[in-house]
Amino acid sequence: MSEATPQATGFDALKGLGTQPAEEAVVREPKIDAQGRAYATGKRKNAVARVWIKPGKGTITINGRDQTVYFARPVLRMMIAQPMELTDRAGQFDVVATVEGSGLSGQAGAVRHAISKALTYYEPGLRAVLKPHGLLTRDPRVVERKKYGKAKARRSFQFSKR
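In this text the structure is predicted, and so the values were computed from the model without any measurement.

Rules used throughout
- Residues numbered from 1 in each chain as written.
- Predicted model: local features only at pLDDT ≥ 70, side-chain atom pairs only at ≥ 80, totals over all residues.
- Heavy atoms only, no water.
- Pairing = 2+ DSSP bridges.
- Helix = DSSP H or I, 4+ residues; strand = E, 2+ residues; numbered from the N terminus.
- Contact = heavy atoms within 4.5 Å.
- Axes fitted to C-alpha atoms, helices over the stretch in contact; angles between N-to-C directions.
- Buried < 20%, exposed > 50% of the residue type's maximum accessible area, 1.4 Å probe, protein only.
- Phe/Tyr/Trp six-rings, centres within 6.5 Å; stacked < 30°, edge-to-face > 60°.

Draft legend 1. Spotlight on the sheet that holds strand β1 (residues 38–44). An order of β1-β2-β5-β3-β4 is seen for the five strands of this open sheet, with the pairing classed as mixed. Pairing within the sheet leaves two strands with one partner each, and these edge strands are β1 and β4 (65–66). With seven bridges joining them, β1 and strand β2 (residues 47–55) adopt antiparallel strand pairing. Across the sheet, the residue bridging to Ala40 is Val51, located in β2. Sheet contacts for helix α4 (residues 104–122): β1, β2 and β5 (93–100); angle to β1, the most-contacted strand, approximately 145°.

Given below as structure tokens:
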């Protein structure tokens, strides 16, 4: 008894053995508010950044201050500019951010994460550029809690022989 079509068994039977056409890639819609801005939240360590981007001259304002004042270290400013440079959008968007928690390094990481997400909300096509560089992934590393019987999370108290 020869069969033209193979019989579906197990999980293949649940999937329909490929009888349906292959699903197309998800088409994302831009998420832009009434003022023409895209909003996103970014996190890193204990820092939370809320970012609004809109077309403009490329100014970046953090907690009401210019980025050069708030992030004095050039490395932190470079981190924030990374998503714009990768997508060739430097100088095209104005960024307004409010950030709280953690230290300056964590805050810069949170702002970078939020800018990346806001860019993908404004132009969904940029997701393919930012995703391989890991800019859309929330860094899960946080400070380990202190344990009882220890000086810090893992550090023991100083040993005394006598």
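Draft legend 2. Region of interest: the pairing of β1. Of the two faces of β1, the one lined by Ala38, Ala40, Gly42 and Arg44 is fully buried and the one lined by Tyr39, Thr41 and Lys43 carries no buried residue. Between β1 and β2, which pair antiparallel in sequence order, lie two residues; one of them, Lys45, sits at a positive phi of approximately 50°.

Draft legend 3. How the structure looks around the pairing of β2. Two elements, β2 and β5, share eight bridges in a ladder whose sense is antiparallel. Looking at the pairing, Lys54 lines up with Asp94 of β5.

Draft legend 4. The arrangement of the packing of aromatic side chains in detail. Applying the stated criterion across every chain, the model contains three aromatic pairs. Ring geometry for Tyr70 against Phe71: centres 5.0 Å apart, planes inclined by 85°, an arrangement best described as edge-to-face. Consider the rings of Phe93 and Tyr122, whose centres lie 5.1 Å apart with planes at 80°: the pair is edge-to-face. Of this pair, Phe93 sits in strand β5 while Tyr122 sits in helix α4; the two residues are 29 residues apart in sequence, bridging distant segments of the chain. Overall, the relative accessible area of 5% leaves Phe93 in the buried class.

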